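Listed here are the chains, written in short residue letters.
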Amino acid sequence: MPASPGKMSSQVFAGLLTVGLLFQPASPQFESTVWGSSAIVSAAAWAAEPGSDEAALPPSSISIAANHRELNSAANAFSIAMTKAEASITAGALKQSAGVLASDSLEGRQAGTRGGQAAAAYLVTELKKTRLQPAGTASWYQEFRGDCKNILARKPGSDPSLKDEVIVLGAHYDHVGYGNPNNSRGGVGQVHNGADDNASGTSLLLSVARAFDELPPLKRTVIFAFWDSEENGLLGSTHWLDSGLVPAARIRNSINTDMVGRLRKDLVKVQAWRSQAGLRQAMSLANQRANPQANLFLKFDDTVIADSDHWPFFSRRIPALQIDTELHDDYHRPTDDADRLNFEGIERISRWVFHLAVDLAERDTLAPFREDVFEEVKRGVRYVSPVAATPPRLGMTWQGIPGDRGEIIVEQVRKGSPADGAGIEPDDRILAFGPYHDLNTKLLKSLVVTAPREVPVELQKPDGTVRTTRVSLAGAPVRVGLATRTDPAMPGVVGVTDVIPNSPAAVAGVLPGDWIYRVAGEPVGTIQNWRQLADHMSQATELEIERNGRIRTVTIEPLLFE
């Protein structure tokens with residue numbers, strides 16, 4: 001990253017891909033058996049089971065059963081290939097490649113120097129061990145500006161209608177050599193090994209390329225681009241786009257990894273995610289698959305800075321992503337060495353990028369570039385909008401610790417409030433609120449929010465007498481307690497802009513800024529569909545919620561009254 005102000009390859013498998021039978025959008029119930037964003041069409045449920053007596057079936061049924069076994073066999077083979085591919089991405093392999101690239105002998109990998117040339121030769125040597133195809137102008141290389149070299153590899157697509165579409169995975173492999181006053185933050189004249197910047201991203205890309213080599217052809221073509229001369233002004237990626245080796249109109253997405261070696265507190269920053277509708281969902285689902293026990297914390301940044309090789313794509317209206325683990329004190333200093341890298345962290349990020357890239361390469365359709373992103377970058381996007389305050393529904397306070405018998409002891413009653421109108425007074429004990437007994441503070445707060453306008457309340461007066469009064473609560477009851485919105489960059493999901501305190505949603509742990517992906521196991525769809533579901537929610541309902549790229553399930557339990 002330059003100094004800047006911010007910083008089965010079988011006919012069966014291919015045929016299934018072509019007709020779109022094998023892959024559909026992800027669903028959690030499929031994740032134990034199927035990789036990524038794909039799920040097998042469950043036609044096997046009515047196909048003949050292995051070992052069944054096919055002689056008892058008519059010929060057409062035998063044919064259908066055989067076809068479905070082929071489908072399942074192909075899917076299983078791909079699932080096995082995915083598992084093997086992901087397992088090839090290891091901290092040890094990443095450490096080995098980063099150790100070579102960030103060694104003193106490469107003299108900081110400055111573009112066009114002998115150290116840069118040696119780094120390029122190492123990468124080509126490693127790529128030659130795979131079955132990936134060279135994609136440069138001179139085999140693996142695309143030379144420019146003298147001795148600068150982009151290194152390009154290709155995994156061709158297989159789908160007749162999608163193979164000409166391209167997903168670009170990129171990382172720059174050059175650094176600043178011995179540094180100079182314009183690019184060093186200290187230590188000019190010493191070797192700047194650039195372990196994080198960007199041996200980390202280069203090692204990630206090399207590992208992901210090796211993992212892709214374990215897979216059969218995907219629908220779209222995937223290009224692995226090791227950019228040179230990024231530190232001199234994004235020259236390598238710009239030259240590749242200018243050269244037209246792949247027309248810009250065919251590039252459906254670009255993922256750039258630059259400085260991913262210092263994972264701290266699981267946090268990964270993502271820029272330009274709003275450039276293509278649905279990218280946030282894709283990244284979050286990939287995070288869930290790649291790191292099911294320890295999700296990355298994705299910091300979705302609405303700003304887009306021209307500080308790495310995502311920018312030439314983004315500025316030309318090509319959907320792009322920039323992924324990094326943020327700056328640190330060793331940035332552009334001689335102290336940016338390999339022994340300071342978090343290789344387990346790079347492994348987790350690599351597996352995430354791998355799953356994301358496979359997903360993008362396999363989807364039936366990918367959205368175009370979002371023109372609105374340029375305006376959004378300028379003005380920002382508002383995700384949280386607090387709802388207007390409303391008068392208290394009950395208008396009283398009570399002791400925080402309930403009595404021995406599950407009672408609430410009233411402390412104060414606001415004059416003119418619903419509680420005052422119902423004759424509730426300080427020192428009264430609330431024995432029941434509607435049909436609910438054994439009250440406590442948390443429960444009563446939720447009951448007040450969700451209760452209908454008229455509620456019977458059982459009181460025990462200080463003299464010991466017990467009576468029931470009816471309270472006419474202010475305002476309308478809340479069934480769920482969420483204010484929501486849509487977002488053109490997040491199709492098919494609903495954003496939470498505010499949560500009413502003490503509502504069922506608040507009790508379930510939903511927060512403003514969360515995104516609702518599923519309701520009772522089904523996609524949300526439109527906001528109108530969500531609002532209809534919320535308005536009629538009458539039993540405990542699971543919501544699939546995404547927060548900072550982490551997906552979890554919460555249960556909304558509406559409190560209902562007789």
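Procedures and definitions
- Residues numbered from 1 in each chain as written.
- Predicted model: local features only at pLDDT ≥ 70, side-chain atom pairs only at ≥ 80, totals over all residues.
- Heavy atoms only, no water.
- Helix = DSSP H or I, 4+ residues; strand = E, 2+ residues; numbered from the N terminus.
- Expected span 1.5 Å × (residues − 1).
- Buried < 20%, exposed > 50% of the residue type's maximum accessible area, 1.4 Å probe, protein only.
- Polar contact = N/O pair within 3.5 Å; in protein donor to acceptor, adjacent residues only side chain to side chain.
- 1 Å grid on protein atoms, 1.4 Å probe; cavity = no way out; pocket = protein on both sides within 12 Å on 5 of 7 lines; lining within 4 Å.
- Points joined across faces, edges and corners; volume = space filled by probe spheres on them.
- Nonpolar A, V, L, I, M, F, W, Y, C, P; charged D, E, K, R; others polar.
- Contact = heavy atoms within 4.5 Å.
- Pairing = 2+ DSSP bridges.
- Axes fitted to C-alpha atoms, helices over the stretch in contact; angles between N-to-C directions.
- Salt bridge = Lys/Arg side-chain N within 4 Å of Asp/Glu carboxyl O.
- pLDDT = per-residue confidence, 0-100.

Caption draft 1: Geometry of helix α9 (residues 343-362). For α9, which comprises 20 residues, the first-to-last C-alpha distance of 28 Å matches the rise-based estimate of 28 Å (1.5 Å per residue) to within 8%. Burial runs high along α9: 18 of the 20 residues are buried. Among the residues of α9, the N-terminal cap falls to Asn342, whose side-chain oxygen and the backbone nitrogen of Glu344 are separated by 3.4 Å.

Caption draft 2: Molecular detail of the layout of surface pockets. Reported here for the largest pocket is a volume of approximately 940 Å³. Around the largest pocket, the lining is made up of 37 residues, and of these Thr390, Val449, Val478, Ile500 and Pro501 lie nearest the centre. Contributions of two or more residues to the lining of the largest pocket are made by β10 (396-398), β11 (408-413), α12 (441-450), β15 (482-485), β16 (494-499) and α14 (527-535). Among the elements that line the lining of the largest pocket, the one with the most residues is α14, at four residues. A per-class count over the lining of the largest pocket returns 22 nonpolar, eight polar and seven charged.

Caption draft 3: Representation of the environment of Thr125 within the structure. Along the chain, Thr125 turns up in helix α4 (residues 114-127). Here Thr125 falls in the partly exposed class, since its relative accessible area comes to 43%. Among the polar contacts listed, one links the side chain of Thr125 to the backbone oxygen of Ala121, at a separation of 2.9 Å.

Caption draft 4: Region of the structure containing α4. For α4, with 14 residues, the first-to-last C-alpha span of 20 Å sits near the 20 Å given by 1.5 Å per residue. Among all positions in α4, only Gly115, Gly116, Ala119, Ala120, Tyr122, Leu123, Val124, Glu126 and Leu127 are buried. In this fold, the buried residues of α4 make contact with α3 (91-101), β2 (141-144), β3 (148-155), α5 (195-213) and β5 (221-227).

Caption draft 5: Structural view of the sheet that holds β11. Spatially, the five strands line up as an open sheet ordered β10-β11-β12-β13-β14, and their pairing is antiparallel. This sheet does not close on itself; its edge strands, each paired only once, are β10 and β14 (466-472). Each strand of the sheet is rotated relative to its neighbour by a mean of 45°, with strand direction disregarded. Sheet topology places strand β13 (residues 454-460) next to β14; seven bridges connect them, and they run antiparallel.

Caption draft 6: Summary view of the side chain of Arg370. Among the structural elements, Arg370 can be located in the loop between α9 and α10 (373-379). A relative accessible area of 9% means that Arg370 is categorised as buried.

Caption draft 7: Representation of the pairing of strand β19 (residues 541-547) within the structure. Counting buried positions along β19 yields five of seven residues, so the element is predominantly enclosed. Pairing between strand β17 (residues 515-519) and β19: four bridges, direction antiparallel. Paired with Arg518 across the two strands is Glu544, which belongs to β19. Count of turn residues in the β19/strand β20 (residues 550-556) antiparallel hairpin: two residues, of which Asn548 carries a positive phi of about 55°.

Caption draft 8: Highlighting the pattern of salt bridges. As enumerated under the stated definition, the model contains 26 salt bridges in all. One salt bridge in this structure joins Arg274 and Asp487, with 2.9 Å as the shortest N-O distance. Taken together, the residues span a long stretch of sequence, with Arg274 in the loop between β7 (267-271) and α7 (279-290) and Asp487 in the loop between β15 and β16 at a distance of 213 residues. For Glu326, the salt bridge goes to Lys299, with nearest N and O atoms at 2.9 Å.

Caption draft 9: How the structure looks around the confidence of the model for the protein chain. On average, residues of the protein chain score 89 in pLDDT, and 87% of them are at 70 or above. Across residues 5-56, confidence stays below pLDDT 50; counting only partners more than four residues off in sequence or on other chains, it has 103 contacts.

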